2 protein chains.
Amino acid sequence: MESADEIIPVGVMLSGRGSNFEALLRKQCDGYFQRARIVCVVSDNPDARGLVTAKANGIPAYAIAPHAHPGKAAYENAVLQILLQHGVSLVVLAGYMRIVGRVLLDHFPGRILNIHPSLLPSFPGLHAQRQAIEHGVRFSGCTVHFVDAGMDTGPIIGQRVVPVLPDDTEDTLSERILAQEHELYAECLKRVTEEPYEIRGRTVCFGPQRRGDRA
Amino acid sequence: MESADEIIPVGVMLSGRGSNFEALLRKQCDGYFQRARIVCVVSDNPDARGLVTAKANGIPAYAIAPHAHPGKAAYENAVLQILLQHGVSLVVLAGYMRIVGRVLLDHFPGRILNIHPSLLPSFPGLHAQRQAIEHGVRFSGCTVHFVDAGMDTGPIIGQRVVPVLPDDTEDTLSERILAQEHELYAECLKRVTEEPYEIRGRTVCFGPQRRGDRA
């Protein structure tokens, strides 16, 4: 949590439709966030529909092509310059299909959020919903977590449970989870920008911090 | 599912208190199971309290010491002889602290059930509740599955979700999960002995079998 009354500029990174970005934007328009404000959108894909959505809502939007840069660090530095121009202090990944590298991780330590369509640590990586169906689990869900150098491994901010039904396909399960993603991501962004929290080990503990109250 | 009206003799294997065995026994006494009948208990630990519980309820109970046998196969053959004496056709593991080996797996293919205190595939192996707390997940639970040669990897029969609360310790979480284990294990034993099912890939599908109804 920042000091009181401060607005926290949020940069969104996405690669496609950005349905979670759309959901966050709706919440922002509804006045749900006291402090978080989406100030720019950056995509690695110039055809991402999320860029169109951003512009239609008056939010500066940029496509940065990784292949136009000599390496991941150079690409991320280009992204970083845009985020810094807009004063971003918190980054939200909304369907950003790349592993975040050192440049962004070092500049935003513990300040990058991601959402993943499973109950992590089950089913990290691509096609989490298909993995869940093929594994035969009865419950899956979604997870919002801080990003670290691993693949969907960072400290967990929040989770929601979604049942896997006997006749589910990857599409029907994805749709059911997505509805929960939209709620969960907004809730978690609100919490990390409005509530005090502390990361102990890899557990994100919200609320006034007490010492020695946990074995 | 066996042919109608047939009683299915169940052998329980345990290593300690056997609280899941106690719970199944209570359900059996209440008439919850139409077909499953616990007919014997085998423990690798002569001091297991589950043996006392069994005898107090008139159920034949045996301790088989692994170290008194020249190897795992010999030990499991000794266990197998007891199970066969009692006509066991389904084995239920209730806190049995060993990996089931080839002798039992080969004799009871898809006929050994286990319960694990997490939402598998998260947190297999020992201390699943502690793993969940240390990982910082918001939800854990329990899983009943068919046993295969892996560690908590077999096809999932049923799961229940349990929230992980901010002040949970390993003990408080274990207790909350255990209450659900007792319900889930009985429910799953009832289903696999009373309902038709089919294992497709690694998904356990209950109900009358339909072909081609799933993408």
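The written sequence of each chain sets the order in which its residues are numbered from 1. Going through the entries in the order they are written, you letter the chains from A and number the ligands from 1. In keeping with the predicted nature of the model, local features appear solely for residues at pLDDT of at least 70, side-chain atom pairs appear and are counted solely at 80 or more, and the whole-chain, interface and lining totals rest on all residues. The side-chain quantities take in all heavy atoms of the structure and omit both hydrogens and water.

1. Topic: the relation of the copies chain B and chain A
Mapping between the two chain copies consists of a rotation about an axis together with a translation along that axis.
Then step 1. Least-squares superposition aligns the copies on the C-alpha atoms of those residues with pLDDT at or above 70 in both. When chain B is brought onto chain A, the operation consists of a screw motion whose angular component is 180° and whose axial shift is 0.0 Å, with 0.0 Å RMSD remaining. Such a combination of turn and shift is consistent with a two-fold rotation axis. For chain B, the minimum C-alpha distance to the rotation axis belongs to Ser122(B) and amounts to 2.6 Å.
Then step 2. Between two residues, a contact is recorded if the distance between any of their heavy atoms is within 4.5 Å. Of all interface residues in chain B, 100% are interface residues in chain A too; the two copies therefore contact each other through one and the same surface.

2. Looking at empty space enclosed by the protein
Then step 1. For each structure, a 1 Å grid was placed over the protein atoms alone; sets of points admitting a 1.4 Å probe that cannot get out are labelled cavities, open sets with protein on both sides within 12 Å along at least five of seven lines are labelled pockets, and lining residues have an atom within 4 Å of a point. Grid points are joined across faces, edges and corners, and a volume is the space filled by probe spheres set on the points. If you walk through the whole model with that rule in mind, you get 1 cavity of 30 Å³ or more.
Then step 2. Space inside the largest cavity adds up to approximately 120 Å³.
Then step 3. What lines the largest cavity is a set of 18 residues, and nearest its centre among them are Leu119(A), Ser122(A), Leu119(B), Ser122(B) and Phe139(B).
Then step 4. Going along the chain from the N terminus, every DSSP run of H or I of four or more residues is numbered as a helix, and every run of E of two or more is numbered as a strand. Counting only elements with at least two residues in the lining of the largest cavity, the list comes to strand E6 (139–146) of chain A together with strand E6 (139–146) of chain B.
Then step 5. Amino acid classes used here: Ala, Val, Leu, Ile, Met, Phe, Trp, Tyr, Cys and Pro are nonpolar; Asp, Glu, Lys and Arg are charged; the rest, including Gly, are polar. Considering only residue class, the lining of the largest cavity consists of 12 nonpolar, 6 polar and no charged.

3. Here we look at the pairing of strand E8 (residues 197–200) of chain B
Residues and elements named next belong to chain B.
Then step 1. Between any two strands, at least two bridges found by DSSP are needed for them to pair. Summarising the sheet, E8 and strand E9 (residues 203–206) pair through 4 bridges and their orientation is antiparallel. By the bridge assignment, Glu 198 is partnered in E9 with Cys 205.
Then step 2. Counting the residues in the hairpin turn of E8 and E9 gives 2 residues, including Gly 201, whose phi is positive at 60°.

4. Some words on the interface of chain B and chain A
Then step 1. Chain B puts 30 residues into the contact, and the matching count from chain A is 30 residues.
Then step 2. Reported buried area values correspond to the accessible surface (1.4 Å probe) lost by two parts on association, with both partners' losses combined. Across the chain B/chain A interface, buried area totals approximately 2400 Å², and carbon plus sulfur atoms make up 48% of it.
Then step 3. Whenever Lys or Arg places a side-chain nitrogen within 4 Å of a carboxyl oxygen from Asp or Glu, that contact is recorded as a salt bridge. There are 0 salt bridges connecting chain B and chain A.
Then step 4. Residues adjacent in sequence count toward polar contacts only when both atoms are side-chain atoms; beyond that, a polar contact is any pair of N or O atoms within 3.5 Å, and within protein one must be able to donate a hydrogen and the other to accept it. Between chain B and chain A we count 11 residue pairs in polar contact (both at pLDDT 80 or more) in total.
Then step 5. Contributions of two or more residues to the side of chain B that touches chain A are made by helix H5 (128–135), strand E7 (156–163) and E9 of chain B.

5. Examining the packing of helix H1 (residues 19–29) of chain B against helix H6 (residues 170–194) of chain B
All names here are of chain B.
Then step 1. Note on geometry: axes are C-alpha line fits, over the in-contact stretch for helices, and angles between N-to-C directions span 0 to 180 degrees. For the pair H1 and H6, interaxial distance at closest approach is 9 Å and the crossing angle is 55°. Classed by the angle they form, the pair H1 and H6 counts as oblique. In terms of crossing hand, the pair formed by H1 and H6 is right-handed. For the pair H1 and H6, the contacting residues are Ser 19, Asn 20, Ala 23, Leu 24, Arg 26 and Lys 27 in the first and Leu 178, Glu 181, His 182, Glu 183, Tyr 185, Ala 186 and Leu 189 in the second.
Then step 2. Grouping the amino acids of the contact of H1 with H6 by side-chain chemistry returns 6 nonpolar, 3 polar and 4 charged. Orientation is classified from the angle alone, with under 35 degrees giving roughly parallel, over 145 giving roughly antiparallel, 65 to 115 giving roughly perpendicular, and any other angle giving oblique. Left-handed describes a crossing whose near helix is turned anticlockwise from the far helix by less than a right angle; the clockwise case is right-handed.

6. Concerning the packing of aromatic side chains
Then step 1. Working definition: a ring pair exists when centres of Phe, Tyr or Trp rings (six-membered ring for Trp) sit within 6.5 Å. Plane angles under 30 degrees give stacked, over 60 give edge-to-face, the rest tilted. Per the counting criterion, the structure on display carries 6 aromatic pairs over all chains.
Then step 2. Taking 5.2 Å as the distance between ring centres and 70° as the angle between the ring planes, the aromatic pair formed by Tyr32(A) and Phe33(A) counts as edge-to-face.
Then step 3. Each residue is assigned to one of three classes by its accessible area relative to the maximum for its type, calculated with a 1.4 Å probe on protein chains only: buried under 20%, partly exposed between the two thresholds, exposed over 50%. For Tyr32(A), a relative accessible area of 28% puts it in the partly exposed group.
Then step 4. Classification of Phe33(A) by relative accessible area gives buried; the value is 4%.
Then step 5. Relative to Phe206(B), the ring of Tyr197(B) has its centre 5.7 Å away and its plane inclined at 55°; by these criteria the two rings are tilted.
Then step 6. Taking relative accessible area as the criterion, Phe206(B) reaches 16% and is therefore assigned buried.
Then step 7. We call a charge positioned above a ring when the Lys NZ or Arg CZ atom is no farther than 6 Å from the ring centre and deviates by at most 35 degrees from the ring normal. Note that Arg98(B) overlies the ring of Tyr75(B), its terminal NZ or CZ placed 5.9 Å from the centroid.

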